[in-house]
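Descriptive structure summary
What follows is each chain in one-letter form.
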Amino acid sequence: MSITKFKLTHVGLVLAILLAGTSEISWGQSKKQKSGKDGFVQIFDGKSLKGWDGDPNYWRVEDGCLTGEITPDKLLKTNSFIIWRGGEPGDFEFTGEFKITEAGNSGINYRSDQLTDVPFALRGYQADIDGKMRYTGQNYEERKRTTLAYRGQKTTIGTYAGENTPEAIRANVKSNAWNGLNVTGSLGSSDSLKTFIKSEDWNTFHLVIKGNRLQHYINDVLMSEVTDDDTVNRKAKGLLGVQVHVGPPMKVQYRNLMLKQL
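Residues numbered from 1 in each chain as written. Predicted model: local features only at pLDDT ≥ 70, side-chain atom pairs only at ≥ 80, totals over all residues. Heavy atoms only, no water.

In the annotation of an unreviewed UniProt entry, the entry for the protein reads DUF1080 domain-containing protein, and the organism field reads Spirosoma endbachense.

What follows is the structure in structure tokens.
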């Protein structure tokens, strides 16, 4: 063998070893992530609704995704959730991806209660999601104080001094927003933040929920932040679920749902 051929063969062998090592490292990192890297645990297996509880008329698994759909022959009278039955997270981070049709309206509820008089209904904090991207990223409290922060807002929710009844709480809402909402900072205009959200395509979400600080990220951009000082109405833990909203036919899908409890 000539010296030139030996050198080329030697270089090829070294490159092959290096590439094999890189491939092994990448595979190992991917495997660790699926099994709970950095404390994250997969809570939807992509194959079944095991661990989830919802109305099968509206929820199913399709193409490896948790899928909610309203069809013309199965319109809703009340918002319907599919609820994770793995516990009641308090402080946590929750990540995943969503895709929603233009007419769609959905959301991710957390620290929520389940109603007993309405099927598959949750009451509590919600990371809002909608197909027209008017509300996506905001913090809306379902069936209670309504809007706690619009997209682009950092807010503090002050102490509530009224009666602790549904009627009194509802009376403290004006134009679908809580009267105790105090804007303390800006994350950017709602319209500018909207440009980071993809229409009818996959977007990532990341909820960072610690104590009374509630942060909603879309595509790694902070969309809203609430500091909830309302000791009467705030919740420290509760159910987690995702929603299909009353309205026209729509479809929403979620995938790669990973939860890290803190």
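Quick word on the side chain of T147
Our working rule: The helix count covers DSSP runs of H or I at least four residues long, the strand count covers runs of E at least two residues long, and both are numbered beginning at the N terminus. Between buried and exposed lies partly exposed: a residue is buried under 20% and exposed over 50% of the maximum accessible area for its type, with that area taken using a 1.4 Å probe on protein chains only. Pairs of residues are marked as contacts when any of their non-hydrogen atoms sit within 4.5 Å.
Structurally, T147 is set in strand β10 (residues 146–149). Take T147: its relative accessible area is 2%, and that puts it in the buried class. Not counting the four nearest positions on each side in its chain, T147 is found in contact with Q138, N139, Y140, N176, A177, W178 and L181.

Thoughts on the layout of surface pockets
What counts, and what does not: Here a cavity is any set of points on a 1 Å grid over the protein atoms alone where a 1.4 Å probe fits but cannot get out, and a pocket is any open set with protein on both sides within 12 Å along at least 5 of 7 lines; a residue lines the site when it has an atom within 4 Å of a point. Grid points are joined across faces, edges and corners, and a volume is the space filled by probe spheres set on the points. All amino acids are sorted into three groups, where Ala, Val, Leu, Ile, Met, Phe, Trp, Tyr, Cys and Pro are nonpolar, Asp, Glu, Lys and Arg are charged, and the leftover types, Gly among them, are polar.
The space that makes up the largest pocket amounts to roughly 500 Å³. Along the walls of the largest pocket sit 25 residues, with Y140, E142, R143, K144 and T146 positioned nearest its centre. Residues that form the lining of the largest pocket fall into these classes: six nonpolar, 13 polar and six charged.

Let's talk about the environment of R213
With respect to the element layout, R213 can be found in strand β16 (residues 213–218). For R213, a relative accessible area of 40% corresponds to the partly exposed category. Dropping the residues within four chain positions of it, R213 is found in contact with V208, E225 and V226.

Some words on the environment of A127
Note on placement: A127 falls in strand β8 (residues 122–130). Classification of A127 by relative accessible area gives buried; the value is 6%. When the C-alpha atoms of A127 and I108 are compared, they prove to be 5.0 Å apart, with 19 residues separating the residues in sequence. Each residue touching A127, except ones within four places of it in the same chain, is listed here: G107, I108, Y110, Q138, L207 and H216.

Regarding empty space enclosed by the protein
Per the counting criterion, the structure on display carries two cavities of 30 Å³ or more. Looking at the largest cavity, its volume works out to about 60 Å³. If you trace the largest cavity, you find 13 residues lining it, with I100, D130, M133, K198 and N203 closest to the centre. For the lining of the largest cavity, the element with the highest residue contribution is strand β6 (residues 92–100), accounting for three residues. The space that makes up the second largest cavity amounts to roughly 40 Å³. Those elements giving two or more residues to the lining of the second largest cavity turn out to be β8, β15 (203–210) and β16. Among the residues making up the lining of the second largest cavity, the classes are represented as seven nonpolar, two polar and one charged.

Description of the pattern of salt bridges
Applied cut-off: Should a side-chain nitrogen of Lys or Arg be within 4 Å of a carboxyl oxygen of Asp or Glu, the pair is scored as a salt bridge.
Within this structure, the stated rule accounts for 14 salt bridges. Among the ionic pairs, R85 bridges to D53, the shortest N-O distance being 2.9 Å. With a gap of 32 residues between them, R85 in the loop between β5 (80–84) and β6 and D53 in strand β2 (residues 52–53) connect regions that are remote in the sequence. The class of R85 is partly exposed, set by a relative accessible area of 39%. D53 sits in the partly exposed class, given a relative accessible area of 29%. In this structure, the salt-bridge partner of D230 is R145, at a minimum N-O distance of 3.1 Å.

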